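Fold and geometry: a report
If you want the building blocks of each chain, they are given just below.
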Amino acid sequence: MEVRSTVTVESAVRPLPRIGTVLAGLFVVFLAISVVWPGLLAPFDPDAIAPRDAFQPPSSTHWFGTDESGRDIYSRVIWGTSTSLLIGITATAIGLALGLLLGAIGGLGGRALDFAVGRVNEVLFAFPGLLLALLVIVLYGPGPVTATIAVGLSTAPGYARIVQGELRGIRSSGFVEAARVLGHSTPRIIRRHILPNALAPIAVLATLGVGQAIVWASALSYLGLGAEPPAAEWGAMLAAGRTYITTAWWMTVFPGLMIVLTTIATTVLGRAITSRTGAAR
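All residue numbers here refer to positions counted from 1 along the written sequence of the relevant chain. Given that the model is predicted, a residue must reach a pLDDT of at least 70 before its local features are reported, and side-chain atom pairs must reach 80 or more before they are shown or counted; all residues, however, enter totals for whole chains, interfaces and linings. To obtain the side-chain values, all non-hydrogen atoms of the structure were used and water was disregarded.

Next up on the list: the layout of surface pockets. The distinction between a cavity and a pocket rests on a 1 Å grid over the protein atoms alone: a 1.4 Å probe fits inside a cavity but cannot get out, while a pocket stays open yet meets protein on both sides within 12 Å along at least five of seven lines, and a residue with an atom within 4 Å of a point counts as lining. Grid points are joined across faces, edges and corners, and a volume is the space filled by probe spheres set on the points. Size it by volume and the second largest pocket reaches roughly 270 Å³. Of all the elements in the fold, those that place two or more residues in the lining of the second largest pocket are α5 (111–125), α6 (129–140), α7 (144–171) and α9 (186–222). Runs of E in the DSSP output that reach at least two residues are strands. Runs of H or I that reach at least four are helices, and both are numbered from the N terminus. Sort the elements by how many residues they give to the lining of the second largest pocket and α7 lands first, with six residues. Note on residue categories: nonpolar means Ala, Val, Leu, Ile, Met, Phe, Trp, Tyr, Cys or Pro, charged means Asp, Glu, Lys or Arg, and polar means any other residue, Gly included. Tallied by class, residues from the lining of the second largest pocket come to 10 nonpolar, six polar and no charged.

Okay, the packing of aromatic side chains next. Here the aromatic set is Phe, Tyr and Trp, taking the six-membered ring for Trp, and pairing holds for ring centres within 6.5 Å; pairs whose planes are under 30 degrees apart are stacked, those over 60 apart are edge-to-face, and all others are tilted. Tallying each qualifying case throughout the model produces seven aromatic pairs. Seen from their ring centres, W63 and Y74 are 5.0 Å apart, and the 50 degrees between their planes marks the pair as tilted. With W63 in the loop between α3 (38–41) and α4 (73–108) and Y74 in helix α4, this pair connects stretches of sequence that are 11 residues apart. An aromatic cluster of three or more residues is present, and its members are W63, F64, Y74, W249, W250 and F254. Cation over ring: R119 sits above F115, and NZ or CZ is 4.5 Å from the ring centre. Sitting over the ring of Y222, R242 keeps its end group 4.9 Å from the ring centre. Any Lys NZ or Arg CZ that is within 6 Å of a ring centre and within 35 degrees of that ring's normal is treated as a charge sitting over the ring.

To estimate how far a helix should extend, the number of its residues minus one is multiplied by 1.5 Å. With 18 residues, helix α2 (residues 19–36) extends 26 Å between its outermost C-alpha atoms, agreeing within 8% with the 26 Å of an ideal straight helix rising 1.5 Å per residue. To sort residues, take the accessible area from a 1.4 Å probe on protein chains only and compare it with the maximum for the residue type: under 20% means buried, over 50% means exposed, and anything in between is partly exposed. A24, F27, L31 and S34 are the residues of α2 that are buried. The arc that holds the buried residues of α2, viewed along the axis, is 75 degrees, so those residues lie on one side. Opposite the packed face of α2, turned more than 90 degrees from it, sit the exposed residues I19, L26 and V36. Think of the arc as the fan of directions from the helix axis to the C-beta atoms.

Considering the arrangement of structural elements, one finds S75 in helix α4. For this analysis, residues touch if any pair of their heavy atoms sits within 4.5 Å. Each residue touching S75, except ones within four places of it in the same chain, is listed here: A42, P43, F44 and P46.

All right, on to the environment of G39 then. Take G39: it is sitting in helix α3. Since its relative accessible area comes to 42%, G39 is described here as partly exposed.

Another aspect to go through is the nonpolar core. Burial of nonpolar side chains together is a common tendency in soluble globular proteins. Working definition of a nonpolar core: buried Ala, Val, Leu, Ile, Met, Phe, Trp, Tyr and Cys residues. They are joined through side-chain atoms within 4.5 Å. Of all hydrophobic cores here, the largest spans 22 residues; its most connected members are L31, F64, I73, V77, W234, W250 and M258. Broken down by secondary-structure element, the contributors of at least two residues to this core are α2, α4, α9, α10 (234–241) and α11 (250–280). Of the residues forming this core, the biggest block, six residues, is contributed by α11. Apart from the residues within four sequence positions on either side, M258 is in contact with F27, F30, L31, V77 and W234.

The predictor rates its confidence in each residue with pLDDT, a number between 0 and 100. Averaged over every residue, the pLDDT of the chain is 81; residues scoring 70 or more account for 90%. Below pLDDT 50 for its whole length, residues 1–14 participates in zero contacts with residues either more than four positions away or in separate chains.

Turning our attention to the environment of G95. As for its placement among the helices and strands, G95 is situated in helix α4. Sequence-distant contacts of G95, defined by excluding residues within four places in its chain, comprise G152, T155, A156 and Y159.

Further remarks concern the pattern of salt bridges. We define a salt bridge as a contact between a side-chain nitrogen of Lys or Arg and a carboxyl oxygen of Asp or Glu at a distance within 4 Å. The tally for this structure, following the rule as stated, stands at three salt bridges. Ionic pairing is found between R76 and D47, a salt bridge with its closest N-O pair at 3.5 Å. With a gap of 29 residues between them, R76 in helix α4 and D47 in the loop between α3 and α4 connect regions that are remote in the sequence. What makes R76 buried here is its relative accessible area of 3%. Classification of D47 as partly exposed rests on a relative accessible area of 49%. R71 is the partner of D67 in a salt bridge, and the nearest nitrogen-oxygen pair spans 2.8 Å. Each of the two residues, D67 as well as R71, counts as buried. Several salt bridges converge on common partners, so that one network encompasses D67, E68 and R71.

One non-glycine residue, F55, lies in the positive phi region at around 60 degrees. Along the polypeptide, F55 turns up in the loop between α3 and α4.

In C-alpha cells form, the structure reads like this:
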C-alpha cells in the first residue's frame with residue numbers, strides 16, 4: 001500500500017509541460033502539416049503570378065500580402081517550409097554524421113588519435129561557422145546543394161567535440177570498467193555500453209542544431225549563395241524582398257518571422273527534451 005501511495009504522489013507532483021514548450025510543439029506540428037500537406041494550409045498557388053495584385057499589403061484575402069509579381073506570400077511561406085526544413089535537417093544530418101565519425105575516432109582511439117582529433121577541432125573552431133561555409137561555397141560554387149553541404153561541414157566540429165567528450169567520459173566510467181573485469185570483449189563493450197550511452201544525448205542535441213542550420217542556410221540564400229529567387233525558400237524570399245523593404249515590408253518580415261519562430265520552436269523543444277533526458281538519467 002505504501003508503494004502505491006508513493007507512486008500516486010510522485011505522479012501527482014510531476015511537473016506539467018511549460019506553456020512555451022506546448023506552443024513550440026504546436027508550431028512544430030504546424031510545420032509538419034506544411035511539409036506533408038501544404039495545400040491544406042495554403043489557399044493559393046505559390047507560383048501563380050497576378051500582376052494586378054502586386055504589392056498588396058496584408059489583408060483578409062492575402063494574410064501576408066503579395067510580392068512584386070502578385071504571388072501570395074503566405075502560400076509561398078507554407079510551400080517553402082519543406083525546402084527550408086529539408087535544408088536544415090539535411091545539413092544537421094551531415095554535420096552530425098561527420099561529428100560522430102571524428103568524435104568516435106578521437107574518443108575510442110588511443111591518446112594519439114584523441115590528441116590529433118582535438119587539434120583538428122581547434123583549427124576548425126578558429127574559423128567562424130558561417131565563414132567556413134562561405135569558404136566551401138567559394139571552392140565548389142553556389143547553389144542549394146552546396147549550401148546544405150557547406151552548413152553541414154561547418155557544424156561538424158561542434159558535434160565532434162561533444163561526441164569526443166561524451167565517449168571519453170563514458171570510456172572511463174565504472175560500468176565500463178566492470179564490463180572489462182567481467183571479460184567482455186572491446187567490441188561488445190563499445191556496442192552494448194559505450195555507444196548507447198553516448199548517442200542518446202547527441203541525438204537530442206541535434207534538434208538544437210536544426211534551427212541553427214536553417215538560419216545559416218537562409219543567410220547563404222539571402223546572400224545569393226543558396227536557393228535563388230523565385231524559389232519558395234525562406235532565405236530566397238528574404239533576398240527578393242530586400243529591394244522593397246521600405247515600400248513592401250511584409251515581403252521580408254513574414255519569411256524572416258518564420259525563420260525566427262522555427263529556430264525558437266526547435267530550440268525550445270530540444271532544451272525540453274534535453275532536460276527531461278537528463279532528469280531521467
